[in-house]
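# Examination of the molecular architecture
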Amino acid sequence: MREMERRIHPSLPPTRTWGFGATSPGPTIEAKRGQPIFVEWMNELPTEHFLPIDRSIHGAGPGTPEVRTIIHLHGGRVPPESDGYPENWYTPGKSLLSFYPNRQPAATLWYHDHAMAITRLNMFAGLLGLYILRDEIEDALNLPKRKYEIPLILYDRSFREDGQLYYPVSGIPGRPWVPEFFGDAILANGTLFPFFDTEPRKYRFRLLNASNSRFLYLSLSSRQSFWQIGSDQGLLQTPVELKMLTLAPGERADVIIDFKAQSGQSVLLKSDTYTILQFRVSNVPCVDGSAKPERLQTIPRILTADAVRTRLLTLEGGGDPDDPTTKTQPMLLNGAHWSDPVTENPALDTVEIWSLINVTEDAHPIHLHMVRFQILDRRPFDVFTYLNERVLRYTADAIAPDANETGWKDTVRADPGMVTRIIIRFEGFAGRYVWHCHVLEHEDYEMMRPYEVVAFQGP
Ligand code: C2O
Ligand code: CU
């Protein structure tokens, strides 16, 4: 991890960022299932931060070093000591060796900083990158590969006129934390408005929404469809045809775009009204030997009958962002603070259902470390009754997940006024992990909790 100057656009002066080696975002790590790797994450950053730390937040209080990092492999089934526990941060000059077993199916994973109470700032500075795990099942599918397989890390940023990153502050003295960040522009692989020369054929894109808070609604200016073939934790059962792809912070999508019909044209990748990048499609005919298979893999459903327990977990708190007196309230998971005792303690290899009861007005992308899960449904409920009586009164039928959400997930969009149910098998390792909202401003201000996978204890 180093500080570096990087040109994000030819007409802007170099921008100070943090990254890995000489790149920001960091290099893409490619790993193979069955081949474990070690990564020594070395902190060679300066000792002063260049973004506004809030010392009033739990975990960033007086005496805490300004610059501290700990890297987490998002989506990795990793032993607890290598998972990047937020309190296991270390300072410049130190390093940590992490072990990644790679004993899980192929997926688009990513690594990023997870330091307690400053993750939003460290990631905003650029401490993130992709980690592509491959396996033979996927290799056999003949998907577009090598120069036709492109990682695309997307995040929004704002800049000052001198080209430097701008992160806002609340205006409250001593309490700079803001409840969300929405930037003026969406960057692709750390670059502003890039173009990409493409051939008139199929490409595979590994999309990651690494924004602090922004949900992406991706579409192509040609109004053509594309096919999502994978989600957070690997391939879907069948490709899902889309014209618009919603990606919450932390989510990934594996997508095939065919530029065949756009030969000689330019196609923009957009999110809402934001232009992200331009594909310049060549008019030179080419041979496309790659496939878009009809069937990708079989995903066995986790049966609700196998669940040993259902946990009702409320997503709550947070002030009114327009009201200066309440806008700095923390957001909480089930009313608990980070430092409260562990309450979620599933037994290793058991199945549980977690019902995420969102009483707030925002959608929260909820992420669990170590595990993969399936989405059962989302169901609207009467928030007022729940807040007053703690009684769940549903107001309509449950809604099945979208077709592109029916594969293995590790991050789920918990919509406002909905109970979002996920079903999880806690397989992998026993030990201490975390679950949290992946809106980084929320995560840093108490919307994160430890959880503990407990090894079976015999009678
Ligand atoms: Cu990508 Cu705990 O996070
Ligand atoms: Cu949130």
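This text goes with the structure placed above it.
Residues numbered from 1 in each chain as written. Chains lettered and ligands numbered in written order. Predicted model: local features only at pLDDT ≥ 70, side-chain atom pairs only at ≥ 80, totals over all residues. Heavy atoms only, no water.

### Some words on the nonpolar core
Counting 78 residues, the largest nonpolar core has Trp41, Ile366, Leu368 and Trp435 as the members making the most contacts within it. The contact partners of Trp435, leaving out residues within four places of it in the chain, are Leu313, Leu333, Glu344, Trp354, Leu356, Ile366, His367, Leu368, Met448, Arg449, Pro450 and Tyr451. Counting residues in hydrophobic clusters, the runner-up holds 34 residues, among them Leu220, Leu235, Ala253 and Val267. (Core = buried A, V, L, I, M, F, W, Y, C linked by side-chain atoms within 4.5 Å. Buried < 20%, exposed > 50% of the residue type's maximum accessible area, 1.4 Å probe, protein only. Contact = heavy atoms within 4.5 Å.)

### Re the coordination of the copper ion (ligand 2)
Taken together, the protein donors to the copper ion (ligand 2) comprise His364 (ND1), Cys437 (SG) and His442 (ND1), at separations of 2.0 to 2.1 Å. In primary sequence terms, the donor set of the copper ion (ligand 2) follows H-x72-C-x4-H. Residue His364 is located in strand E24 (residues 364-368), and its partner Cys437 is located in strand E28 (residues 431-437); the two are separated by 73 residues in the primary sequence. (Donors = N, O, S within 2.8 Å, 3.2 Å for Na, K, Ca; no water. Helix = DSSP H or I, 4+ residues; strand = E, 2+ residues; numbered from the N terminus.)

### Some remarks on unusual backbone geometry
Here Ser24 and Pro25 are connected by a cis peptide whose omega angle stands at 0°. Looking at the secondary structure, you find Pro25 in the loop between strand E2 (15-19) and strand E3 (29-32). Even without a glycine there, the phi angle at Ala117 is positive, about 70°. Locating Ala117 in the fold gives a position in the loop between strand E7 (107-113) and helix H1 (119-125). Assessed through its relative accessible area of 1%, Ala117 is described here as buried. Not every positive phi belongs to a glycine, and Glu446 is a case in point at roughly 85°. You can see Glu446 is positioned in the loop between helix H4 (440-444) and strand E29 (448-453). Residue classification places Glu446 among the buried positions, given a relative accessible area of 10%.

### Thoughts on the pairing of E7
Most of E7 is tucked away: seven of the seven residues are buried. Sheet analysis places strand E5 (residues 71-74) next to E7, joined by four bridges and oriented antiparallel. Residue pairing in the sheet places Ile71 in a bridge with Asp113 of E7. (Pairing = 2+ DSSP bridges.)

### Topic: the environment of Asp272
Summarising the element assignment, Asp272 is placed in the loop between strand E19 (266-271) and strand E20 (274-281). Taking the relative accessible area as the measure of exposure, Asp272 reaches 46% and is therefore partly exposed. Taking C-alpha positions, Asp272 is 7.1 Å from Leu218, a pair spaced 54 residues apart along the chain.

### Regarding the sheet that holds E19
Pairing is mixed in the open sheet, where five strands are placed in the order E12-E20-E19-E14-E17. Looking at the sheet topology across the chains shown, the edges are occupied by strand E12 (195-198) and strand E17 (245-247). Pairwise comparison of adjacent strand axes, ignoring direction, gives a mean angle of 25° for this sheet. Pairing analysis gives six bridges linking E19 to E20, with the strands arranged antiparallel. Within the sheet, the bridge partner assigned to Ser271 lies in E20 and is Tyr274. (Axes fitted to C-alpha atoms, helices over the stretch in contact; angles between N-to-C directions.)

### A closer look at the side chain of Thr108
Tracing the chain through its elements places Thr108 in strand E7. Using a relative accessible area of 2% as the deciding quantity, one classes Thr108 as buried. Within the structure, Thr108 has its side chain in polar contact with the side chain of Arg206 (distance 2.8 Å). Among all residues touching Thr108, those that are not within four sequence positions of it are Leu130, Tyr131, Arg206, Asp232, Arg252 and Asp254. (Polar contact = N/O pair within 3.5 Å; in protein donor to acceptor, adjacent residues only side chain to side chain.)

### Observations regarding the packing of aromatic side chains
Taken as a whole, this structure holds 24 aromatic pairs when the rule is applied. Residues Tyr100 and Tyr131 carry aromatic rings whose centres are separated by 5.9 Å and whose planes lie at 80° to one another, so their mutual orientation is edge-to-face. Of this pair, Tyr100 sits in strand E6 (residues 95-100) while Tyr131 sits in strand E8 (residues 128-134); the two residues are 31 residues apart in sequence, bridging distant segments of the chain. Judged on exposure class, the residue Tyr100 and its partner Tyr131 are both buried. Consider the rings of Tyr167 and Phe181, whose centres lie 5.5 Å apart with planes at 20°: the pair is stacked. Highlighted residues: Tyr167 in the loop between strand E10 (165-166) and strand E11 (185-188) and Phe181 in the loop between E10 and E11, separated in sequence by 14 residues. Per residue, the accessibility class of Tyr167 equals that of Phe181, and both read buried. (Phe/Tyr/Trp six-rings, centres within 6.5 Å; stacked < 30°, edge-to-face > 60°.)

### Remarks on the pattern of salt bridges
For the structure on display, the rule yields 31 salt bridges. Between Arg206 and Glu149 there is a salt bridge; the shortest N-O distance is 2.9 Å. One end of the pair, Arg206, is in strand E13 (residues 202-209); the other, Glu149, is in strand E9 (residues 149-159), with 57 residues separating them in the sequence. An identical accessibility class is assigned to Arg206 and Glu149; each is buried. (Salt bridge = Lys/Arg side-chain N within 4 Å of Asp/Glu carboxyl O.)

Function-wise, these values are silent; they only describe arrangement.
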